[in-house]
Amino acid sequence: MSTTLDNPPRDTRPAGAQSGRHKRARPGTWRHALRRDWQLYSLAILPLLFFAIFRYAPMLGNVIAFRKFEPGGNIFGERWVGLRYVKMFLDDPTFWNVFTNTLILGGLTLLFCFPLPIVLALLLNEVRNRRMKRFLQSVSYLPHFLSMVIVAAIVMQMLAIDGPINQLVKALGGQPTVFMQKPEWFRAIFVSSEVWQTVGWGTILYLAALTTIDQQLYEAARMDGAGRWRQIWHVTLPGIRPTAITLLILNIGTFMAVGFEKVLLLYNPLTYPTADVISTYLYRMGVESSNLSYAAAIGLFEALIGVVLISSANVISRRTVGTSLW
């Protein structure tokens, strides 16, 4: 009797089952991940729509930087004019004054508003009394939740001719000063108000990063005889370095977009020489003067500078410290 079968049994499974097996996504692919976690991916639909509608779709309007735009006409301009508006703002001395003000205000804001949250986070981390620590955190976070209009109103009331600052100056024997009308005072006023409003909120990420540092590193440092300053320098700061570098790159990327709302609320024609920045100049040219093509050309120039800055900062960070956004 032969042990081999002349007619081996056929696979009795339906053809649909075989095709379904071949169509099933393999583990490790994006289709498999999408089928497995489709509920989580669905949460990203609304944010993606927001960015597509309000961030990427408006980019099509940049074409009017190279076309003549007339209100009531074609939204993409009437006719092609090339680099006419680019040459206009490059030859405009007012633009270069505004550009210089933007660089100075952006540099001062980055110089003070980037390291101070790190310092405040380190100080809060040293507070051992939990109630005191929570109280200090709440006080430092509070200005962030105030409307920009409220912040500007507080600044103007504090610096008014009969405000608390001038009353203190008068009590010390000085003469009251109209700070809000002095161009030489605007940068100090802007940066100090920015520090007051943002430094406390900026400590949140650093305090979160501090909790991820292994406590055994501090114990090893203490065993080696390191004091508090040595522990901060050799353990704490290296532990929060990736977070600090990431935030620095992001801040450099928004370097040119220095606070439009606050500058618009605080400045006036008397302080234009030091207060007028690119964003407020764009507002006056585009909205008040209806020269939208000229404003679009300047805005495109500002955006290109921002792309160059953030790309350069990312490359330098990756090559020097090994941390980068991409």
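One numbering rule holds for all chains: residues counted from 1, following each sequence as written. Restriction of local features to residues with pLDDT of at least 70 applies here, the model being predicted, together with a cutoff of 80 or more for giving and counting side-chain atom pairs; totals for whole chains, interfaces and linings are based on all residues. Excluded from the side-chain calculation are hydrogens and water; included are all heavy atoms of the structure.

(A) Representation of the overall build of the chain within the structure. Secondary structure assignment for the chain yields 17 helices and two strands. Note on method: radius of gyration uses C-alpha positions; expected globular size equals 2.2 Å times residues raised to 0.38. Its C-alpha radius of gyration of 29 Å places the chain more than 25% over the 20 Å reference for a compact globule of 326 residues. Dimensions along the principal axes, computed over C-alpha positions, put the chain at roughly 125 × 75 × 35 Å. Type-normalised accessible area, obtained with a 1.4 Å probe on protein chains alone, sets the label of each residue: buried when under 20%, exposed when over 50%, and partly exposed for intermediate values. Counting every position in the chain, which comprises 326 residues, the buried fraction comes to 31%. By the convention used here, residues are in contact when the closest approach between their heavy atoms is within 4.5 Å. Here the contacts in the chain between residues at least 6 apart in sequence split such that 62% fall between residues at least 24 apart. Computed by Shrake-Rupley with a 1.4 Å probe, the accessible areas treat only the displayed protein chains as cover when residues are assessed. Element-wise, carbon and sulfur atoms account for 65% of the exposed surface of the chain, whose accessible area totals about 21300 Å². Charged-residue counts in this description rest on Lys and Arg as positive and Asp and Glu as negative, His and the chain ends being excluded. Every charge is mapped onto a representative atom, which is NZ of Lys, CZ of Arg, CG of Asp or CD of Glu. Where the 31 positive side-chain charges of the chain centre and where its 18 negative ones centre are 8 Å apart. For helices the rule is a DSSP run of H or I covering at least 4 residues; for strands it is a run of E covering at least 2, with both sets numbered from the N terminus onward.

(B) Layout of the packing of helix α7 (residues 115–125) against helix α11 (residues 183–210). The contact between α7 and α11 brings their axes to 7 Å, and the two run at 60°. Considered as vectors, α7 and α11 are oriented oblique to each other. Seen along the crossing, α7 lies across α11 with a hand that is right-handed. Across the interface between the two elements, Leu116, Pro117, Ile118, Leu120, Ala121, Leu122, Leu124 and Asn125 from α7 touch Val195, Val199, Gly200, Gly202, Thr203, Tyr206, Leu207 and Leu210 from α11. Three classes are used, and their members are as follows: Ala, Val, Leu, Ile, Met, Phe, Trp, Tyr, Cys and Pro are nonpolar, Asp, Glu, Lys and Arg are charged, and the others, Gly among them, are polar. Class assignment of the residues belonging to the contact of α7 with α11 gives a composition of 12 nonpolar, four polar and no charged. A fitted line through C-alpha atoms represents every axis, and for helices the fit uses only the stretch in contact; the resulting angles, taken between N-to-C directions, go from 0 to 180 degrees. In this scheme, roughly parallel covers angles under 35 degrees and roughly antiparallel covers those over 145, while 65 to 115 is roughly perpendicular and the rest are oblique. What makes a crossing left-handed is the near helix being turned counterclockwise from the far one by less than a right angle; a clockwise turn instead makes it right-handed.

(C) Broad picture of the confidence of the model for the chain. For the chain, the mean per-residue pLDDT works out to 86, and 91% of the residues sit at or above 70. The pLDDT score gives, residue by residue, the confidence of the prediction method on a 0 to 100 scale. Within the chain, helix α9 (residues 148–158) carries the highest mean pLDDT (94), whereas helix α1 (residues 15–23) carries the lowest (48). Scored below 50 in pLDDT, residues 1–5 makes zero contacts in the model with residues more than four places away or belonging to other chains. Taken together, the stretch residues 16–22 has pLDDT below 50 and engages in three contacts with residues farther than four places along the chain or on a different chain.

(D) Focus on the side chain of glutamine 137. Looking at the secondary structure, you find glutamine 137 in helix α8 (residues 130–141). Beyond its immediate chain neighbours, meaning those up to four positions away, glutamine 137 contacts Leu124 and Leu207.

(E) Focus on the packing of aromatic side chains. Aromatic contacts are taken between Phe, Tyr and Trp rings whose centres are within 6.5 Å, Trp giving its six-membered ring; a plane angle under 30 degrees counts as stacked, one over 60 as edge-to-face, and the others as tilted. According to the stated counting rule, one finds 16 aromatic pairs in the structure shown. Among the aromatic side chains, those forming a connected cluster through ring pairs are Phe89, Phe95, Trp96, Phe99 and Phe301. When the ring centre of phenylalanine 190 is taken as reference, the NZ or CZ atom of lysine 262 above it lies at 5.8 Å. Criterion for a charge above a ring: Lys NZ or Arg CZ within 6 Å of the ring centre, and within 35 degrees of the ring normal. Stacked on the ring of tyrosine 272, the Lys or Arg arginine 284 has its end atom at 4.6 Å from the ring centre.

(F) Examining unusual backbone geometry more closely. A positive phi angle, near 60°, is found at serine 290, a position not held by glycine. Locating serine 290 in the fold gives a position in the loop between α16 (278–288) and α17 (292–320). The exposure class assigned to serine 290 is partly exposed, which follows from its relative accessible area of 41%.

(G) Highlighting a nonpolar patch on the surface. A cluster of nonpolar side chains, Ile45, Leu46, Leu49, Phe50, Phe51, Ile53, Phe54, Tyr56 and Met59, forms an exposed patch at the surface whose accessible area comes to about 970 Å². Residue classification places phenylalanine 51 among the partly exposed positions, given a relative accessible area of 41%. Every patch collects residues that have over 30% relative accessible area and no salt bridge, joining them within 9 Å if they carry like charges and within 5 Å if they are nonpolar side chains (Val, Leu, Ile, Met, Phe, Trp, Tyr). Definition used for salt bridges: Asp or Glu carboxyl oxygen within 4 Å of a side-chain nitrogen of Lys or Arg.

(H) Spatial organisation of the packing of α11 against helix α13 (residues 228–253). The contact between α11 and α13 brings their axes to 9 Å, and the two run at 140°. When the interaxial angle is binned, α11 and α13 end up oblique. With respect to the hand of their crossing, α11 and α13 are arranged in right-handed fashion. Where α11 approaches α13, its residues Leu205, Tyr206, Ala209 and Leu210 are matched on the opposing element by Thr236, Ile240, Thr243, Ala244 and Leu247. In the contact of α11 with α13, the residues fall into seven nonpolar, two polar and no charged.

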